[in-house]
Amino acid sequence: MVMNLRRAALKQIGLGTGMGIVAPGATFALSEDTSDQELKGKTAIVTGARNNLGRGFAIALARMGANVVVHHHTADTRDQAEETARLVEAQGAKATIVLGDLGKLENIEKMFDAAESTFGSADILVNNAGQIVKKPLAEVTEEEYDRLANINSKGTFFCMREASRRLKDHGRVINIGTSLFTSITPNYAVYAGTKAGMEEYTRALTKEIGSRGITVNVVCPGPVDTPFFHEQETPQSLAYVSRFSIAGRLGEVNDIVPMVTFLASPSSQWITGQTFWVNGGYATR
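Here goes a summary of the coordinates provided.

All right, on to the layout of surface pockets then. Rolled over the atoms, a probe as big as a water molecule pinpoints where empty space is left. Considered as a void within the structure, the largest pocket measures approximately 1100 Å³ in volume. Along its surface, the largest pocket is lined by 49 residues, and Gln131, Ile132, Tyr191, Phe228 and Phe229 are the ones closest to its centre. Elements supplying a minimum of two residues to the lining of the largest pocket: helix H2 (52-63), strand S2 (67-72), helix H5 (142-166), helix H6 (189-209), helix H7 (227-230) and helix H8 (235-242). The class makeup of the residues in the lining of the largest pocket is 21 nonpolar, 22 polar and six charged.

Here it is, written out as structure tokens:
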């Protein structure tokens, strides 16, 4: 059943194995198959969508019929956000771009405003934006801690708060965590620690808005072959972490996408308050 779900999800978004979504100007070879358009008429907000996993999620949700709010963090990544928007529109969906530091509540409100004013509603939040620092805990500066906490914890929390107020009934909140929640790994304390509250926020919000048919879940990728991951690593560390998956490799964006598209779909209506480890056996709990 799980394999059939994965095949169906990959067919639905037009992505096959072996095609990573990593570069700002990447070309995407999309399937000729038409999707079921399960999300036609819905609006998805994808934070941190200018590249990496966020771009993959935005394209996949567009392939399912959703219009997409493409969020990016800083002005210098506008060209990458525009490329994501172009790829969304290539699926027959519509896109709008929103710039803003999500550590500031007014930018989160602006993002939801854009969904409502441009497309008429907000239905799905993919809480993907995050920042990373890899170094021993003893070397983390106050500025680094504050910067990561501002996005990974505060930004996540207030995006969820706004979603609880503004998502339409039967909406979806999909939080993107990390498999570091369950893997004892040195040098990632500030990254994993500032994201760890996401699981508790998810459990609480599940109970608070579940009666409206809104589901809230966490997806935790392992190491994924994207610039976000590679910027922190050396060839030696890449070889080391690759050994821990069952396939002896890093994950790819299209390994993670099917779980997100499934959780965004009507088929996931009975799944909420859960954490899903999507990491090829890298770590489990």
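Next up on the list: the side chain of His72. Position of His72 relative to the elements: it lies in strand S2. At 3.0 Å, the side chain of His72 and the side chain of Thr77 are in polar contact. What His72 contacts, discounting residues up to four positions off in sequence, is Arg50, Thr77, Arg78, Ala81, Ile97, Val98, Leu99 and Gly100.

Before going further, it helps to examine the pattern of salt bridges. When charged atoms on two side chains of opposite charge get close, those side chains can pair. On inspection of all chains with the given rule, the structure shows twelve salt bridges. A salt bridge links Asp113 to Arg166; its shortest N-O distance comes to 2.4 Å. Of this pair, Asp113 sits in helix H4 (residues 105-119) while Arg166 sits in helix H5, and the two are 53 residues apart along the sequence. Note on Arg166: relative accessible area 17%, which makes it buried. Here Arg166 ties to Glu116 by a salt bridge, and the two come within 2.9 Å at their closest N and O atoms. You can see Arg166 sitting in helix H5 and its partner Glu116 sitting in helix H4, a full 50 residues away along the chain. A single salt-bridge network, built from bridges that share partners, covers Asp113, Glu116, Arg161, Glu162 and Arg166.

Under the defined criterion, the tally for this structure stands at three aromatic pairs. Where Phe157 meets Tyr201, the ring centres are 5.1 Å apart and the plane angle is 80°; that geometry is what we call edge-to-face. Residue Phe157 is located in helix H5, and its partner Tyr201 is located in helix H6; the two are separated by 44 residues in the primary sequence. Judged by its relative accessible area of 36%, Phe157 is partly exposed.

Here we take up the pairing of strand S3 (residues 95-99). In terms of residue burial, S3 counts as a mostly covered element, since four of its five residues are buried. Sheet topology note: the S2/S3 ladder contains five bridges and is parallel. If you follow Val68 over to S3, its bridge partner there is Ala95.

Take the packing of H2 against helix H3 (residues 78-89) next. For the pair H2 and H3, interaxial distance at closest approach is 9 Å and the crossing angle is 25°. One element, H2, and the other, H3, form an angle in the roughly parallel class. By crossing handedness, the relation of H2 to H3 is classed as right-handed. Residue-level contacts link Arg55, Ala58, Ile59 and Ala62 of H2 to Gln80, Glu83, Thr84, Leu87 and Val88 of H3.

Counting 35 residues, the largest nonpolar core has Val46, Phe57, Leu61, Val126 and Val219 as the members making the most contacts within it. No other element matches helix H9 (residues 253-264), which puts seven residues into this core. Among residues more than four places away in sequence, those in contact with Phe57 are Val46, Val126, Asn128, Ile176, Ile256, Val257 and Val260. Met111, Ala115, Ala129 and Cys159 belong to the second largest nonpolar core, which has 23 residues in total.

How each quantity is defined
Residues numbered from 1 in each chain as written. Predicted model: local features only at pLDDT ≥ 70, side-chain atom pairs only at ≥ 80, totals over all residues. Heavy atoms only, no water. 1 Å grid on protein atoms, 1.4 Å probe; cavity = no way out; pocket = protein on both sides within 12 Å on 5 of 7 lines; lining within 4 Å. Points joined across faces, edges and corners; volume = space filled by probe spheres on them. Helix = DSSP H or I, 4+ residues; strand = E, 2+ residues; numbered from the N terminus. Nonpolar A, V, L, I, M, F, W, Y, C, P; charged D, E, K, R; others polar. Polar contact = N/O pair within 3.5 Å; in protein donor to acceptor, adjacent residues only side chain to side chain. Contact = heavy atoms within 4.5 Å. Salt bridge = Lys/Arg side-chain N within 4 Å of Asp/Glu carboxyl O. Buried < 20%, exposed > 50% of the residue type's maximum accessible area, 1.4 Å probe, protein only. Phe/Tyr/Trp six-rings, centres within 6.5 Å; stacked < 30°, edge-to-face > 60°. Pairing = 2+ DSSP bridges. Axes fitted to C-alpha atoms, helices over the stretch in contact; angles between N-to-C directions. Parallel < 35°, antiparallel > 145°, perpendicular 65-115°, else oblique. Left-handed = near helix turned anticlockwise from the far one by under 90°. Core = buried A, V, L, I, M, F, W, Y, C linked by side-chain atoms within 4.5 Å.

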